[in-house]
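Summary of the model geometry
What follows is each chain in one-letter form.
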Amino acid sequence: MTDAERRSRATEAFFGRRKGKPLRERQAQHLETLLPVLKVDLSTPAPADLATLYDFTPARTRLEIGFGGGEHLIHRAVESPDTAFIGVEPFVNSMAKLVGSVEEKGARNIRLYDDDATELLDWLPAASLDQIDLLYPDPWPKRKHWKRRFVSKVNLDRFARVMKPGGIFCFASDIDTYVNWTLMHCGAHPAFVWTAENAADWLTPYAGWPGTRYEAKARREGRKSAYLTFRRL
Ligand SMILES: C[S@@+](CC[C@H](N)C(=O)[O-])C[C@H]1O[C@@H](n2cnc3c(N)ncnc32)[C@H](O)[C@@H]1O
């Protein structure tokens with residue numbers, strides 16, 4: 001796919017904001033110097049083995065889609081230095097913040113993509129990921145916008161292709177209709193099974209959960225969250 005095709009598809013599939021306040025000089029510098037080094041290059045074919053994107057041999061590979069402020073991604077990367085992470089975030093200010101954190105923490109195990117996650121998913125080799133995290137995706141609460149939600153049959157097909165059998169898909173949200181929507185879509189998809197064993201499971205945060213900025217906002221506004229885990233069959 002050419003860059004122009006990719007950009008035009010991205011415009012169709014990505015509905016969020018790409019830019020906020022002007023970047024501080026240091027943030028702009030990070031984007032200019034560090035992002036090109038950490039960015040996954042979709043104009044070249046994906047390597048058969050994603051391990052070649054890193055300068056160590058990863059035990060696991062994990063993708064976080066829409067990392068926002070990046071607090072969760074950087075926390076997990078520091079916590080699990082033997083895991084290879086790919087973080088995707090099209091919002092420039094968030095990407096600048098994360099790149100700064102990568103430098104500050106010296107995390108060698110993060111690669112990044114700064115556009116629509118569907119492009120990266122289509123590029124990745126089949127059965128290459130152990131885990132996908134989709135944490136507080138844009139909720140699109142109005143019914144007429146539900147079709148914009150990241151969870152959809154076509155994106156679950158994408159997940160199914162790139163995930164290893166036995167891999168896990170973690171979905172957190174504070175929006176009841178999105179939680180039900182995701183349960184329904186994953187329930188109807190032949191490649192995924194919900195791992196919950198009892199009613200408390202989906203209300204219990206993931207092990208070692210550091211929270212996210214969006215979750216803190218939801219809590220402040222009085223909304224509870226659900227933490228769903230699905231296994232790739
Ligand atoms: C509600 S915010 C949540 C951010 C973060 N995960 C958190 O919990 O604080 C959703 C994020 O997903 C990003 N996003 C939306 N659509 C996306 C897409 N197609 N690919 C990658 N990221 C996307 C947005 O830019 C935004 O930063």
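Summarised in this report is the structure supplied together with it. (Residues numbered from 1 in each chain as written. Predicted model: local features only at pLDDT ≥ 70, side-chain atom pairs only at ≥ 80, totals over all residues. Heavy atoms only, no water.)

1. What to know about the sheet that holds strand 1 (residues 60-65)
Put simply, the rule reads: Any two strands are treated as partners once DSSP identifies two or more bridges connecting them. Helix and strand assignments come from DSSP, with helices taken as H or I runs of at least 4 residues and strands as E runs of at least 2, each series counted from the N terminus. Here, axes are lines fitted to C-alpha atoms. For helices the fit covers the stretch in contact, and angles between N-to-C directions go from 0 to 180 degrees. Contacts: residue pairs with any heavy atoms within 4.5 Å of one another.
Pairing in this open sheet of seven strands is mixed, and the strands run 3-2-1-4-5-7-6 from one edge to the other. Two strands close off the open sheet at either side, each with one partner strand: strand 3 (110-113) and strand 6 (192-194). Averaged over all adjacent pairs, the angle separating strand axes in this sheet is 20 degrees, with direction ignored. Taken together, the six bridges between strand 4 (residues 129-135) and strand 5 (residues 163-173) define a ladder with parallel strand orientation. Opposite isoleucine 132, over in strand 5, you have phenylalanine 169 as the bridge partner. Each of strand 5, strand 6 and strand 7 (226-232) touches helix 8 (residues 176-188); the most contacted strand, strand 7, lies at about 10 degrees to it.

2. Focus: the pattern of salt bridges
Just so we agree on the cut-off: Should a side-chain nitrogen of Lys or Arg be within 4 Å of a carboxyl oxygen of Asp or Glu, the pair is scored as a salt bridge. For each residue, the accessible area found with a 1.4 Å probe, counting protein chains only, is set against the maximum for its type, and the residue is called buried under 20%, exposed over 50%, and partly exposed in between.
The tally for this structure, following the rule as stated, stands at 15 salt bridges. Close ionic contact of aspartate 115 with arginine 18 constitutes a salt bridge, the shortest N to O distance being 3.0 Å. Linking aspartate 115 in the loop between strand 3 and helix 6 (117-123) with arginine 18 in the loop between helix 1 (3-13) and helix 2 (25-33), this pair joins segments that are 97 residues apart in sequence. Residue aspartate 115 is classed as buried on the basis of its relative accessible area of 15%. Arginine 76 is the salt-bridge partner of glutamate 79, the closest N and O atoms lying 3.0 Å from each other. With glutamate 79 and arginine 76 both in helix 4 (residues 71-79) and three residues apart, the pair spans about one turn of that helix.

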